[in-house]
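Descriptive structure summary
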Amino acid sequence: MHSNANGMLSTAAAAASSANTAVQSPGLKTYFKTPEGRYKLHYEKTHPSGLLHYAHGKTVTQVSLAHLKDKPAPSTPTAPSSSFSSSSGVRSAAARLLGGSNGSRALSFVGGNGGSKINGGNSRIGSLGSSSSSNSMGSSNFDGKGSYLVFNVGDAIFISDLNSQDKDPIKSIHFSNSNPVCHAFDQDAKDGHDLIIGLISGDVYSVSLRQQLQDVGKKLVGAQHYNKDGSVNNSRCTSIAWVPGGDGTFVVAHADGNLYVYEKGKDGANDSSFPFVKDPMQFSIAHARYSKSNPLARWHICQGSINSIAFSTDGAYLATVGRDGYLRVFDYYKEQLVCGGKSYYGALLCCAWSMDGKYILTGGEDDLVQVWSMEDRKVVAWGEGHNSWVSGVFFDSYWSSPNSEGTGETVMYRFGSVGQDTQLLLWDLEMDEIVVPLRRPPGGSPTYSTGSQSAHWDSACPVGNLQPAPSTRDVPKISPVVAHRVHTEPLSGLIFTQESVLTVCREGHIKIWMRPGVGESQSNNSETLSSASFKEKPLFSSKVGSSSYKL
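Residues numbered from 1 in each chain as written. Predicted model: local features only at pLDDT ≥ 70, side-chain atom pairs only at ≥ 80, totals over all residues. Heavy atoms only, no water.

**A short note on the sheet that holds strand 29 (residues 465-467)**
The strands making up a sheet associate through backbone hydrogen bonding, with each pair oriented either parallel or antiparallel. For clarity, the threshold we go by: Strands qualify as paired when DSSP identifies two bridges or more between them. Numbered from the N terminus, helices here are DSSP runs of H or I no shorter than four residues, and strands are runs of E no shorter than two. With axes taken as lines fitted to C-alpha atoms, and helix axes fitted only over the stretch in contact, angles between N-to-C directions fall between 0 and 180 degrees.
Pairing within the open sheet is mixed, and its 5 strands lie in the order 16-17-18-19-29. Looking at strand neighbours, the two that pair on one side only are strand 16 (306-311) and strand 29, the edges of this open sheet. Geometrically, the sheet is characterised by an average inter-axis angle of 15° between neighbouring strands, direction not taken into account. As paired elements, strand 19 (residues 336-342) and strand 29 share 3 bridges and run parallel to each other. Each residue of the ladder has a partner; that of Cys-339, found in strand 29, is Asn-465.

**Re the pattern of salt bridges**
Going by this rule: We count a salt bridge whenever a side-chain nitrogen from Lys or Arg sits within 4 Å of a carboxyl oxygen from Asp or Glu. Burial classes: relative accessible area under 20% of the type maximum marks a residue as buried, over 50% as exposed, and values in between as partly exposed (1.4 Å probe, protein chains only).
Here the structure, examined in full by the defined rule, presents 8 salt bridges. For Glu-36, the salt bridge goes to Arg-414, with nearest N and O atoms at 3.2 Å. Of this pair, Glu-36 sits in the loop between strand 1 (31-34) and strand 2 (37-45) while Arg-414 sits in strand 25 (residues 413-419), placing them 378 residues apart in sequence. By relative accessible area, Glu-36 is classed as buried at 6%. Here Asp-396 ties to Arg-515 by a salt bridge, and the two come within 2.8 Å at their closest N and O atoms. One end of the pair, Asp-396, is in the loop between strand 24 (390-395) and strand 25; the other, Arg-515, is in the loop between strand 34 (510-514) and helix 4 (518-523), with 119 residues separating them in the sequence. There is no split in this pair, since Asp-396 and Arg-515 are both buried. Among the charged side chains, a salt-bridge network with shared partners connects Glu-36, Arg-414 and Asp-428.

**Concerning the packing of aromatic side chains**
What counts is decided by this rule: Two rings from Phe, Tyr or Trp (for Trp, the six-membered ring) form a pair when their centres are within 6.5 Å of each other. A pair whose planes differ by under 30 degrees is stacked, one over 60 is edge-to-face, and the rest are tilted.
Taken as a whole and assessed by the stated rule, the structure comprises 22 aromatic pairs. Plain terms: the ring middles of Phe-395 and Phe-415 are 5.7 Å apart, the flat faces sit at 65° to each other, and that makes the pair edge-to-face. Of this pair, Phe-395 sits in strand 24 while Phe-415 sits in strand 25, placing them 20 residues apart in sequence. You'll find Phe-395 and Phe-415 in the same group, each marked buried. Here the aromatic residues Phe-283, Trp-299, Phe-311, Phe-330, Tyr-332 and Tyr-333 are joined through ring pairs into a cluster of three or more.

**Some thoughts on the state of the cysteines**
To be explicit about the condition: Throughout, disulfides are identified as pairs of cysteine sulfur atoms within 2.5 Å of each other.
A full pass over the atoms with the stated rule returns 0 disulfides. Free of any disulfide, Cys-351 has its nearest neighbouring cysteine sulfur in Cys-350, separated by 7.3 Å. Under the relative-accessibility criterion, Cys-351 is labelled buried at 0%.

**Focus: the side chain of His-183**
We apply this condition: We call two N or O atoms a polar contact when they sit within 3.5 Å, provided that within protein one can donate a hydrogen and the other can accept it, with sequence-adjacent residues counted only if both atoms are side-chain atoms.
Structurally, His-183 can be placed in strand 7 (residues 180-185). Within the structure, the side chain of His-183 is placed 3.2 Å from the backbone oxygen of Gln-62, a separation counted as a polar contact. Among the polar contacts made by the side chain of His-183, one reaches the side chain of Asn-152 at a distance of 2.9 Å.

**Description of the environment of Cys-351**
Along the chain, Cys-351 falls in strand 20 (residues 348-353). Considering only alpha carbons, one finds Cys-351 and Asn-307, 44 residues apart in sequence, at a separation of 9.2 Å.

**As for the confidence of the model for the protein chain**
If pLDDT is low for a region, its predicted coordinates should not be looked at in detail. We count it as follows: pLDDT measures how confident the predictor is about each residue, on a scale from 0 to 100. Throughout, a residue-residue contact means that at least one pair of heavy atoms, one from each residue, lies within 4.5 Å.
Averaged over every residue, the pLDDT of the protein chain is 74; residues scoring 70 or more account for 65%. For the stretch residues 1-25, pLDDT sits under 50, and the model shows 51 contacts to residues farther than four places along the chain or on other chains. Across residues 523-551, where pLDDT falls below 50, the model places 93 contacts with residues more than four positions away in sequence or in other chains.

**Comments concerning the pairing of strand 23 (residues 378-384)**
Judged by how many residues are buried, strand 23 sits mostly within the fold: 6 of 7 residues are covered. Inspection of the sheet shows strand 22 (residues 368-373) paired to strand 23 by 6 bridges, in the antiparallel sense. Looking at strand 23, one finds that Gln-370 is bridged to Trp-382. Counting the residues that bridge the hairpin from strand 22 to strand 23 gives 4 residues, and of these Arg-377 lies at a positive phi of roughly 55°. The sheet contact formed by strand 23 and strand 30 (residues 477-478) spans 2 bridges and is parallel. In the sheet register, Trp-382 faces strand 30, and the bridge partner there is Lys-477.

Okay, structure coming up:
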């Protein structure tokens, strides 16, 4: 099945894909095996399709993880949280905050889009406006502490309590003028606004998640409105992200190849005007002429859509992937293009950073998962295993094996990918053991080597240069340790939490797969986790290791 790079999907294409996958694989298993044991399906959430509206075009479901601290917020710093997006990329810090954060209850999930409790049969509301902040609170004593899922389906944003046994969301917010397509959460927000939402129309809102939970209505309350009615850019929002450590700064990517930098503390009505982009093929940055303007700057990234963006955990680097098939890595604060390169074929749709900032995953229309090295500034491995476009990639920062404990460094990476082939693939990557093909010597046979790849490759590309697509003979190949069909619909994303793996299909159905040993340890405190250890790790220490496993 094919989808365009902007995250939209036609109803006909979705129906055809659903029919095809149903014919190819009539049944779905409720578990899958890994070297460390079985992952078991713990919850499966659906939504009543009759309550959803697609008047503004069909959209792809994205999920953000949100962890609300005590009210008032504690003064002690915590690990930064962010969000996950299928066309977005790595929001891995948010996943680290999950896992029993609402108490000692077993991890459960509320992801259904049911509207019987919230909508009351009336799922259509009037126009959305920032003046809705005057609406009265439904439960002003509700402090909102806990972990939540924020996800979009059709014309609505839904909020679910991650640790509630209730299958239905606890909140729905409907948009009558445009559909929400991307969102992100900032745990370290210093004021109330910690959730940002981008729409098809290009409009952007920032709100307080806690305030939305306190209100009983179906509109955004206390919202700050940016790019109102597309006054700065009227093309669709494609990806949105908070700048880690940016003190309220966030960036919004659009389908026309532009990215805008906003400051949430400034009035969104003070829109900026920017000069005409002279060369759409070239990277350029324009700053607002007035200090009170918002957005602060426009980054013209590429010709065509930016499909996903992701910040490194420390906020120093910004990765983008686009319709033109290029990964671009920028030094965010220096506003410089550092490096990048092209996919083997077609558009790139998703990207993700490792927690240590050494590697970037990308996926797209060439059905490959590409591993990019920041040190070598090039593709250092190709993951072959998907049968269709790769729509989501994510590093598992919780996974480890006993032989990696205590080493103080990452010896192996576990990451996952999902695609339109409805499959979840898990991969293990250990760069010191990968077989690296060398270029064929003139008149001789190809030679191979094991060990560090950097000594056998060409020198790293100069700063600011984009590499062409590499040859298949020059890139080492890796195979997944697990390949499991988890949904009947094409997948849009995945997230790893301390206790589970969450998979999302583009139609809004979400499943949670519990890690091996988690359910047993919760039901019997005397039991310990199986061979894999899922301990809380410092923000920049994602130690992992494993052995190869075939189903």
